[in-house]
Amino acid sequence: MSCENDLFCGINSVAGKSVDEMTELEKKHTPVITAPDKVKAGEPFEVKVETGVYVKHPNEYGHYFSWIEVYLDDTPVARFDLQPVMSSPSVTVKVTATHSHEGKRKIKARAFCNLHGVWENEKEVEVE
Ligand SMILES: [Fe+2]
């Protein structure tokens, strides 16, 4: 059985789509990751995850992002529980890639909207 049209089934992702190809719903929910393109193994770098970048998302008790998670590949890095008193929630964490994994790692960010489910984005980081 597929998750089609069920936003709460699995993880909603815009992988492979440009911003121009995204729907309004996707633009409103996709977290945006800012991180360096290239980092050194063992040296901390900053990862910023923002919501409401392409299209502003509501931020009230009936409709808001209630958490943001950050991963390095599939390794959990951080989780932030949110209340709708931040305007367009954004979080920043320091991450250290201790292994190069043949030079490529993926930063993943997930944001959960209480009405529209989990939304994921990712950014590749070169580790030398
Ligand atoms: Fe939403």
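Only a predicted model underlies this, so the values are computations on that prediction, with no experimental measurement involved.

**Student:** An account of the environment of Arg 105 is requested, with residue identities and associated values reported.
**Tutor:** Looking at where Arg 105 falls in the secondary structure, it is placed in strand β8 (residues 104-113). On a C-alpha basis, the gap between Arg 105 and Asp 74 in space is 9.9 Å, while along the polypeptide they are 31 residues apart. Excluding residues that lie within four positions of it along the chain, Arg 105 makes contacts with Leu 72, Asp 73, Ala 97, His 99, Ser 100, Lys 123, Glu 124, Val 125 and Val 127. A distance of 2.3 Å separates polar atoms of two side chains, one belonging to Arg 105 and the other to Asp 73.

**Student:** Break down the pattern of salt bridges for me, citing the residues and quoting the values.
**Tutor:** Enumeration according to the criterion identifies twelve salt bridges in this entry. Between Glu 50 and Lys 48 there is a salt bridge; the shortest N-O distance is 3.9 Å. Between Arg 110 and Glu 120 there is a salt bridge, and its shortest N-O distance comes to 2.6 Å. Taken together, the residues Arg 110 in strand β8 and Glu 120 in strand β9 (residues 117-127) connect sequence positions ten residues apart. Judged by relative accessible area, Arg 110 falls into the buried class, the value being 17%. Accessibility expressed as a relative area gives 11% for Glu 120, which makes it buried. Within this structure, Lys 38, Lys 40 and Glu 128 form a network of salt bridges that share partners.

**Student:** Describe the coordination of the iron ion, listing the residues and the values that go with them.
**Tutor:** For the iron ion, the protein coordination sphere consists of His 29 (NE2), His 57 (NE2), His 63 (NE2), Cys 113 (SG) and His 116 (ND1), at 2.1 to 2.4 Å. Each donor residue of the iron ion belongs to the same chain, with the gaps between them written as H-x27-H-x5-H-x49-C-x2-H. Remark: His 116 occurs in the loop between β8 and β9 and His 57 occurs in the loop between β4 (45-50) and β5 (65-72); sequence separation between them is 59 residues. Take His 57 and His 116: they sit in the same class, and that class is buried.

**Student:** Explain the UniProt feature "domain: Desulfoferrodoxin ferrous iron-binding" (unreviewed entry) in the protein chain residue by residue, including any values.
**Tutor:** Within this numbering scheme, the UniProt entry marks residues 22-122 as carrying the feature "domain: Desulfoferrodoxin ferrous iron-binding" (unreviewed entry). Helix makes up 6% of residues 22-122 and strand makes up 48%, while its end C-alpha atoms are separated by 15 Å.

Parameters and conventions
Residues numbered from 1 in each chain as written. Predicted model: local features only at pLDDT ≥ 70, side-chain atom pairs only at ≥ 80, totals over all residues. Heavy atoms only, no water. Helix = DSSP H or I, 4+ residues; strand = E, 2+ residues; numbered from the N terminus. Contact = heavy atoms within 4.5 Å. Polar contact = N/O pair within 3.5 Å; in protein donor to acceptor, adjacent residues only side chain to side chain. Salt bridge = Lys/Arg side-chain N within 4 Å of Asp/Glu carboxyl O. Buried < 20%, exposed > 50% of the residue type's maximum accessible area, 1.4 Å probe, protein only. Donors = N, O, S within 2.8 Å, 3.2 Å for Na, K, Ca; no water. UniProt positions renumbered as here; feature names shortened; annotations may be inferred.

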